[in-house]
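Structural overview for review
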Amino acid sequence: MREIMCGVPQGSILGPLIFILYVNQLPSIIDKGQCFLYADDTAIVCSKNSITETIGDLMKDLNAGMTWLNNHKLSLNLQKTKVMMFGTNREVNNMSISSVKFGEESLEIVNKYKYLGVVLDGKLKFDQHVKYIHGKIYPKMKTLGRVHNQIGKGTAIYLYKSLINPLFTFSDYIYAGISEQDKSKLQVLQNSCIRICLKCEKRMPRAILYNESGIEPLEVQRSQNTACLVYQGMNQMSTPFINQLYSKVHDTGRVLRSELKEDLIIPKTCLEVCKGNVRYRAQSDITRLIRG
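To start, this report covers the structure provided alongside it. (Residues numbered from 1 in each chain as written. Predicted model: local features only at pLDDT ≥ 70, side-chain atom pairs only at ≥ 80, totals over all residues. Heavy atoms only, no water.)

1. Some points on the overall build of the protein
Rule in force here: Helix numbers and strand numbers start at the N terminus; a helix is a DSSP run of H or I with at least 4 residues, a strand a run of E with at least 2. Three exposure classes are used, based on accessible area relative to the maximum for each residue type with a 1.4 Å probe and protein chains only: buried under 20%, partly exposed in between, and exposed over 50%. It only takes one pair of heavy atoms within 4.5 Å for two residues to be counted as in contact. Note on areas: Shrake-Rupley with a 1.4 Å probe; residue coverage comes only from the protein chains shown.
Helix and strand counts for the protein stand at 11 helices and seven strands. Looking at the protein as a whole, 33% of its 292 residues are labelled buried. Sequence separation of at least 24 residues holds for 53% of the intrachain contacts in the protein that already meet a minimum separation of 6. Approximately 19,100 Å² of the protein is accessible, and the part contributed by carbon and sulfur atoms is 54%.

Now the structure itself:
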C-alpha cells in the first residue's frame, strides 16, 4: 500500500469515472468554439468566415484550455495535438498554411485524422475512412479464407459477425453519405466475405448470399442504425447533442400545409455535400418513412 497525493492508480476501477468528473468543467472554459470530450480525447471546433478568424478563435480557446489544465495539474500532449480545416473543395485546396504557432510549438495542420475510430478528412468525403476500413477488414478476410475449409459455415458466419461486420457498421451512419463508388467498394468486400463463409462461387446471386447467410447488405444495416439513432434522439434517449438534432415540426409551433405534425425538421442547406451528413439525410429518410 502506498499513499497517492495526486491522481488515481493506473488501471483502477474508479479511475475513468473520477477522471471524467475531474475534467468535466473544461468545456465551460472554451468560449469561442465548442468543446467535445470523450474520456481523455478532446476536440475544439471553431467556425468563422475566414481562416484567419478561425485560427484566432482557436488560439484563444487553446490558451484558455492550457491555463485550465496547468491550474489542475494536467498537461497537454502537443505532439498529438493536430489542427484540421473543414470546408468546400476550393477552401481546402486553397489553404496555404501548413502549421499553426502555439507558444513555442508549431501545431501541424493535417488533411486527415482518425478521431474515435473514424478517419475524418477536410472535405468530409470519408474516402480515407473507406480505405481505412478496407485495410482493417482485408487481412481478416484472408485469414478467414485460409481456415474456412477446417470450419463449418455456421462457425465462419459467427466469426464474420463477431470480428468483421462490426468494422463495417461502426459509426456507419456518420459516413453514409459517401460516394456511390466507395459504397460499392465496401459492398463488394462484404460480398467476398460472405462467399468465403458460405464456400460458394463468385457467380452466386447476391440475394441468395444474403438469404442463406442471414446477413443484411451494408446499405440496409446503415439505414437500420440511422433509424435507431434518430429514434433515440427524438425520444431524448441519447446524448444532449444528439437529442437536440432531431425535433418534430410540431415542437416549433409552426406547421406548413405541406408538412405533417410528425415530420422531422430538415435543416436547410445549399451545398450538395451537406446533404450527405447524418442530420440532413436521416431526417429526410425518417420523414419519408413516417409519411409511408
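Here the narrative resumes, following the displayed structure.
2. Here's the deal with the pattern of salt bridges
Stated formally: Salt-bridge detection follows one rule: a side-chain nitrogen of Lys or Arg within 4 Å of a carboxyl oxygen of Asp or Glu.
Within the structure shown, the criterion is met by seven salt bridges. With a shortest N-O distance of 3.8 Å, E180 and K183 are connected by a salt bridge. Of this pair, E180 and K183 both sit in helix α7 (residues 180–198), separated by three residues, roughly a single helical turn. Overall, the relative accessible area of 15% leaves K183 in the buried class. The closest approach of N and O atoms between K185 and D182, which form a salt bridge, is 3.9 Å. Here the residue K185 and the residue D182 both occupy positions in helix α7, the gap between them amounting to three residues, near one helical turn. Given the relative accessible area of 41%, K185 is considered partly exposed.

3. Structural notes on the nonpolar core
Heads up, the rule is: The definition of a nonpolar core used throughout is a set of buried Ala, Val, Leu, Ile, Met, Phe, Trp, Tyr and Cys residues joined through side-chain atoms within 4.5 Å.
Membership of the largest hydrophobic core comes to 26 residues, with the highest contact counts inside it found for I137, Y160, I164, F168 and L186. Breaking this core down by element, the ones donating at least two residues are α5 (127–147), α6 (153–169), α7 and α8 (206–213). When residues of this core are assigned to their parent elements, the largest contribution, six residues, is made by α7. Filtering out sequence-adjacent residues up to four positions away, F168 remains in contact with I133, I137, Y160, Y175, L186, L189, Q190 and L218. M59, M66, V100 and I109 belong to the second-largest nonpolar core, a separate cluster that totals 13 residues.

4. Some thoughts on the side chain of N165
Just so we agree on the cut-off: What qualifies as a polar contact is a pair of N or O atoms within 3.5 Å, subject to a donor-acceptor requirement within protein and to the restriction that residues adjacent in sequence count only when both atoms come from side chains.
Within the secondary structure, N165 is located in helix α6. At 2.9 Å, the side chain of N165 and the side chain of Q221 are in polar contact. With sequence-adjacent residues up to four places away left out, N165 is seen in contact with Y160, Q190 and Q221.

5. Notes on the sheet that holds strand β3 (residues 83–84)
This is how it is decided: Strands pair, by our definition, only if DSSP identifies at least two bridges between them. Axis definition: a line fitted to C-alpha atoms, over the contacting stretch in the case of helices. Angles run 0 to 180 degrees between N-to-C directions.
An order of β3-β5-β4 is seen for the three strands of this open sheet, with the pairing classed as mixed. In this open sheet, the two edge strands, each paired with only one partner strand, are β3 and β4 (99–102). Bridging between β4 and strand β5 (residues 105–110) involves four bridges; their strand directions are antiparallel. Bridged to K101 within β5 is S106. Running over the sheet, helix α3 (residues 51–71) touches β3, β4 and β5 and is turned about 40° from β4.

6. Remarks on the packing of α5 against α7
Where we set the bar: Angle categories are assigned with fixed cut-offs, so that under 35 degrees is roughly parallel, over 145 is roughly antiparallel, 65 to 115 is roughly perpendicular, and the rest are oblique.
α7 packs onto α5 with a crossing angle of 10° between their chain directions and a minimal axis gap of 10 Å. Considering their axes alone, α5 and α7 lie roughly parallel with respect to each other. Where α5 abuts α7, its residues D127, V130, I133, H134, I137, Y138, M141, L144 and G145 lie against D182, L186, L189, S192, C193, I196 and C197.

7. Regarding the packing of aromatic side chains
We count it as follows: Here is the rule: rings of Phe, Tyr and Trp (six-membered ring for Trp) pair when centre to centre is within 6.5 Å. Planes less than 30 degrees apart are stacked, more than 60 are edge-to-face, and the remainder are tilted.
One pass over the full model with this rule turns up one aromatic pair. Ring geometry for F126 versus Y175: centroids 6.5 Å apart, planes at 45°, classification tilted. Here F126 is found in the loop between β7 (118–121) and α5, whereas its partner Y175 is found in the loop between α6 and α7, with 49 residues between them in sequence. Under the relative-accessibility criterion, F126 is labelled buried at 9%. For Y175, a relative accessible area of 0% corresponds to the buried category.

In short, shape yes, function no, at least from these values alone.
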